[in-house]
Amino acid sequence: MLLFKFVLFSSFMKAMVLEKPGPVESGPLHEVDLDMQKLGEWDALIKVEACGVCGTDLSIVEGRFKAPSLPLVPGHEAVGRVIEVGRAAEELVKPGDLIGAYWVHSSCGNCEYCLTGREQLCMERRVNGLDHNGCYAEYMVVDSRYVAQVPRNIDPESIAPFMCAGLTAHRAVKLSGLEPGRRVAVIGVGGLGSFAVQLARLRGSRVTAISRSAMHLATARSLGADDAVTLNEASKLYGSFDSVLLFAPSSNLMETGLRLLKKGGVMVIAANLDDVPSMPYRFTLASERCVRSVSVGSRQELRELLGLVGAGVVKPIPIDVMPLSKANEALMKLKSGNVRGRIVLKP
């Protein structure tokens, strides 16, 4: 197969590899030298310039999300420079391009979900950092059909969180049906919630940020939230909102979110919840209240979002850049909740 490439000086790369899931405090990721993966016709090899750290990475590393096979390189919020491309991939990307890769590595392309622009729901999808090696590495192989060109006017570290956190927030806001003048509560204003505040404001909605963290509430205010209240104060606002966006990964907050809704309102869940708790129907789902979940977003929605970013309409969120070799420490910091915005790993 003909490959178009820059010259690589080594056939090995450094990567943070998961061999056995376990508590992140035990350091389950190990830095190793891996062979470079051979490329298929639609593949592109990128030199990773930045990799966002997602809560799903933590779930995979600690074993709550079961990887189909191990060892595994986690990570799915990638920004990198194209180094080498397969024959068919040359139609879509070229060496030197700066591109982003997200949750979906590939999909079947033929099912009802793929044919309607919802490849993230495909039953045969493959996922970066779960069943395909991800971006906790110096290099990563991506499918050129499932990437996006990224804005050149923003540094790669600031762009990386848009690949999942930003995209999921974008999808959640779309599914919530927000319109000008509507009121929305954003519960949890870490990485995803910080993007949602901006995207909801962009639709002309009045945004109330809700969090346990004073640091996160201050960030929400700086990004345009109209109001910012602590979780303990949320009960005073029951029945006040047309939409609720739940980003905090706590099943117990489902009832809080539903009680915040007006009759006929919509709650969108964009968090990894362990279960659905029992709750009183009359005060939650009754009166035509609705609950929806979010599965990341599509590549087309990613391109839409990055267009807004490139135009300066949606701003990057605060980031904490750490070296790739400190991936275990980054995940521990994420687990502690002491993160303003997003952690980004730099190979």
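Residues numbered from 1 in each chain as written. Predicted model: local features only at pLDDT ≥ 70, side-chain atom pairs only at ≥ 80, totals over all residues. Heavy atoms only, no water.

Concerning the pattern of salt bridges
Within the structure shown, the criterion is met by 20 salt bridges. The partner of Arg81 in a salt bridge is Glu49, with the nearest N and O atoms 3.5 Å apart. Placement of the pair is Arg81 in strand 5 (residues 77–85) and Glu49 in strand 4 (residues 43–52), with a sequence separation of 32 residues. For the salt bridge of Asp320 with Lys333, the shortest nitrogen-to-oxygen distance reads 2.3 Å. Here the residue Asp320 occupies a position in strand 17 (residues 319–323), and Lys333 occupies one in helix 9 (residues 327–336), the gap between them amounting to 13 residues. Judged by relative accessible area, which is 30%, Lys333 ranks as partly exposed. Salt bridges sharing partners connect three or more residues here, namely Glu25, Glu62, Arg64 and Lys335. (Salt bridge = Lys/Arg side-chain N within 4 Å of Asp/Glu carboxyl O. Helix = DSSP H or I, 4+ residues; strand = E, 2+ residues; numbered from the N terminus. Buried < 20%, exposed > 50% of the residue type's maximum accessible area, 1.4 Å probe, protein only.)

Section: the sheet that holds strand 16 (residues 290–293)
Taken together, six strands build an open sheet; the order of strands is 13-12-11-14-15-16 and the sheet is parallel. Taken across any chain shown, the strands that pair with only one partner, and hence form the sheet edges, are strand 13 (227–230) and strand 16. Each strand axis lies, on average, 20° off the axis of its neighbour in the sheet, ignoring direction. Here four bridges tie strand 11 (residues 183–187) to strand 14 (residues 241–246), and the two strands are oriented parallel to one another. Its bridge partner lying in strand 14, Val184 is registered against Ser243. With respect to the sheet, helix 6 (residues 214–222) is in contact with strand 12 (206–211) and strand 13, its orientation differing from that of strand 12 by roughly 165°. (Pairing = 2+ DSSP bridges. Axes fitted to C-alpha atoms, helices over the stretch in contact; angles between N-to-C directions. Contact = heavy atoms within 4.5 Å.)

Notes on the pairing of strand 15 (residues 261–269)
In this sheet, strand 15 lies alongside strand 14 in parallel orientation, the contact comprising five bridges. Each bridged residue has a counterpart across the sheet, and for Ser243 the counterpart in strand 15 is Val266. After leaving strand 14, the chain enters helix 7 (residues 253–260) and then returns to the sheet as strand 15, a path that is right-handed. Two elements, strand 15 and strand 16, share four bridges in a ladder whose sense is parallel. (Right-handed = clockwise from strand over helix to strand, strands pointing away.)

Considering the packing of helix 1 (residues 55–62) against helix 9
Following both chains from N to C, one finds helix 1 and helix 9 inclined at 110°, their axes separated by 10 Å at the closest point. By the criterion of interaxial angle, the relationship of helix 1 to helix 9 is roughly perpendicular. In this structure, the crossing between helix 1 and helix 9 has a hand that is left-handed. Residues Gly55, Asp57, Leu58, Val61 and Glu62 of helix 1 form the contact with helix 9, whose participating residues are Leu331, Leu334 and Lys335. Class assignment for the residues of the contact of helix 1 with helix 9 results in four nonpolar, one polar and three charged. (Parallel < 35°, antiparallel > 145°, perpendicular 65-115°, else oblique. Left-handed = near helix turned anticlockwise from the far one by under 90°. Nonpolar A, V, L, I, M, F, W, Y, C, P; charged D, E, K, R; others polar.)

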